[in-house]
Amino acid sequence: MAWDPRIEMMPEPELKKLQFTLLKTLVYRLYSFSNFYRSRMDEHGVHPDDIQTLDDAKKLPFMVKSDLRDNYPDKLFTVSRDELVRYHVSSGTTGKPTVVGYTQKDVDIWTTSLARALTACGIGRGDVVQVSYGYGLFTGGLGLHYGAERIGATVVPTSVGNTERQLELMQDLHVTAIACTPSYLIHISEVAEKMGISIKDDTVLRAAILGAEPWSEQMRIRIEEQLGIRAYNIYGTSELSGPMFCECEEQNGIHMWSDLALVEIVDPETGEPLPPGTRGEMVVTILQKEALPIIRYRTGDITSLIPEPCPCGRTHPRIERLSGRVDDMLIIRGINVFPSQVEHALLGIPELSGHFQIIVDRKQALDVMLVQVEMKPEAFSDKITDLMAVRQKVAHTLKNALNVGVGVELAEPGSLPRFEGKAKRVVDKRVM
Ligand code: DLL
């Protein structure tokens, strides 16, 4: 089932033509009406007339998060304030946050992208969707809320927190789908266990729409098996509007709606385009945004375009699961390490609960990485030899996966921090 089959299944050549028309219109509009874009393009020696094919998009200058931060709060907006119907604000890790404004059309298009996304996961009228992403300045809650309403599903707007109540509502209101971060879903399932509720047997939950943070294929398998549901990967960033792009029922790659976004994968070092199938940094142009146009935005997310067409019949390109960020990559004694690699390795170890934390420090000029891993209650023993064996197994698995030796510390069940929003997996104590 597709929300808008005419667009979602449009033959590829037609879709490309549409993309090109939208790109060209956008570039002309911004060159005429945005000081920022005009001077950027002039500095870069490119004029809208130089955009003759879709491929010419690579002639346009990149945009990065700091461009938004430097123009705080709204200097990059291309509509007047009274045309705005909403702001979202994303918490920056440093300095000023980034503010995204939306016109009514921007909200409508964003909502359409989510209607497509939810329909692609088999959700529709008759479903009850619990939205357990944060509501408010974060885009997850309101985004999914509007999308679910648009397809005629019933929304339970729980937001995050008060997990026991969330579980009661899940049962009492016959929730069939939940939208939240993968780490919050794991937390919910642990609280359910403590309350004596089996999500698999005591609820009618059948789908989860998970995103906003990295998660692995192993984590999907674990969630699906434990909860008896199907878990779908959803992606977006606040700068692009919020969550917009999602897997379909094939669960094999995230469809990037071509009439809304032009996706490129580039070498993070050189900025040069990379071919389908090769991993690099994803760069996105949002083709139909009014309030805060986004051209060639460097997401910092690492993925690749999947070259094969999707068996679902949608012609819009897919990206593979994000494997990390250009900027959360840790360099440990010269070796690149992604927290997602650590997660991937740990989930293969049955004694562990899946909660972990990475502590990076520098001792005598050498990077040291300590991975704290939490054990499952049933695997936790008071025999030192048992614990040492597990610790050794974890250290060995991580060494193989990361190509670098790391310290391992076992933690008691329930002792590592839990997260309602995005999990913070890395504590970097190094002073650079
Ligand atoms: O996290 C928007 C969102 C809300 C996406 C709800 C999905 C669901 P930001 O707070 O701006 O926006 O963070 C965007 O989160 O650049 C990725 O690094 C990461 N991210 C988002 N979705 C995924 C995902 C929202 N499915 C940043 N897998 C992005 C891995 C993800 N990382």
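Residues numbered from 1 in each chain as written. Predicted model: local features only at pLDDT ≥ 70, side-chain atom pairs only at ≥ 80, totals over all residues. Heavy atoms only, no water.

Undergrad: Lay out the site of the ligand in plain terms, naming residues and giving numbers.
TA: Around the ligand there are 19 residues in total, and A212, N233, I234, S238 and D301 lie nearest to it. At a separation of 3.3 Å, a nitrogen atom of the ligand approaches a polar backbone atom of E213. Between N233 and the ligand, the recorded distance is 2.7 Å, taken from a side-chain N or O atom to a nitrogen atom. Within the residue set of the shell around the ligand, elements represented by two or more residues are α6 (139-150) and β7 (230-237). Residue classes in the shell around the ligand are distributed as eight nonpolar, seven polar and four charged. (Near = heavy atom within 4 Å. Polar contact = N/O pair within 3.5 Å; in protein donor to acceptor, adjacent residues only side chain to side chain. Helix = DSSP H or I, 4+ residues; strand = E, 2+ residues; numbered from the N terminus. Nonpolar A, V, L, I, M, F, W, Y, C, P; charged D, E, K, R; others polar.)

Undergrad: Lay out the domain arrangement of the protein chain with the relevant residues and their values.
TA: According to the domain assignment, the protein chain contains domain 1 (1-327) and domain 2 (335-428). The C-alpha centroid of domain 2 is placed 30 Å from the C-alpha centroid of domain 1. With 22 residues of domain 1 at the interface, the matching set in domain 2 holds 17 residues. Taken over both partners, the interface formed by domain 1 and domain 2 buries close to 1500 Å², and the fraction arising from carbon and sulfur atoms is 49%. (Domains from an automatic or database assignment. Contact = heavy atoms within 4.5 Å. Buried area = accessible area lost by both parts, 1.4 Å probe.)

Undergrad: Talk me through the pairing of strand β20 (residues 407-411); I want residue IDs and the actual numbers.
TA: As defined by bridge partners, strand β19 (residues 366-375) adjoins β20 across five bridges and the pair is classed as parallel. Across the sheet, the residue bridging to V371 is V408, located in β20. Remark: the β19/helix α12 (residues 384-402)/β20 crossover connection has right-handed handedness. (Pairing = 2+ DSSP bridges. Right-handed = clockwise from strand over helix to strand, strands pointing away.)

Undergrad: Describe helix α8 (residues 182-195), with residues and values.
TA: One full turn of an α-helix is made of 3.6 residues, so residues set three or four places apart face in the same direction. Taking 1.5 Å per residue as the helical rise, α8 with its 14 residues ought to reach 20 Å, and the 20 Å between its terminal C-alpha atoms agrees with that figure. Buried within α8 are the following residues: P182, S183, Y184, L185, I186, H187, I188, S189, V191 and A192. For α8, the secondary structure elements touched by its buried residues are α7 (163-172), β5 (177-180), α9 (199-202), β6 (207-211), α10 (217-227) and β18 (352-363). A positive phi of about 80° marks G196, the residue just after α8. (Expected span 1.5 Å × (residues − 1). Buried < 20%, exposed > 50% of the residue type's maximum accessible area, 1.4 Å probe, protein only.)

Undergrad: Describe the environment of G134, with residues and values.
TA: Of note, G134 is situated in the loop between β3 (128-131) and α6. Note: C-alpha distance between G134 and P157 (23 residues apart in sequence) is 9.5 Å. When neighbours within four sequence positions are excluded, G134 is seen to be in contact with G140, G141, S159 and V160.

Undergrad: How would you sum up the packing of aromatic side chains? Please name residues and give values.
TA: Tallied over the full model, the rule gives four aromatic pairs. Relative to W110, the ring of Y102 lies with its centre 5.2 Å away and its plane at 25°, an arrangement referred to as stacked. Over the aromatic face of W257 sits the side chain of R116, whose NZ or CZ is 5.3 Å from the ring centroid. The side chain of R321 reaches across the aromatic face of W215, ending 4.5 Å from its centre. (Phe/Tyr/Trp six-rings, centres within 6.5 Å; stacked < 30°, edge-to-face > 60°. Lys NZ or Arg CZ within 6 Å of the ring centre and 35° of its normal.)

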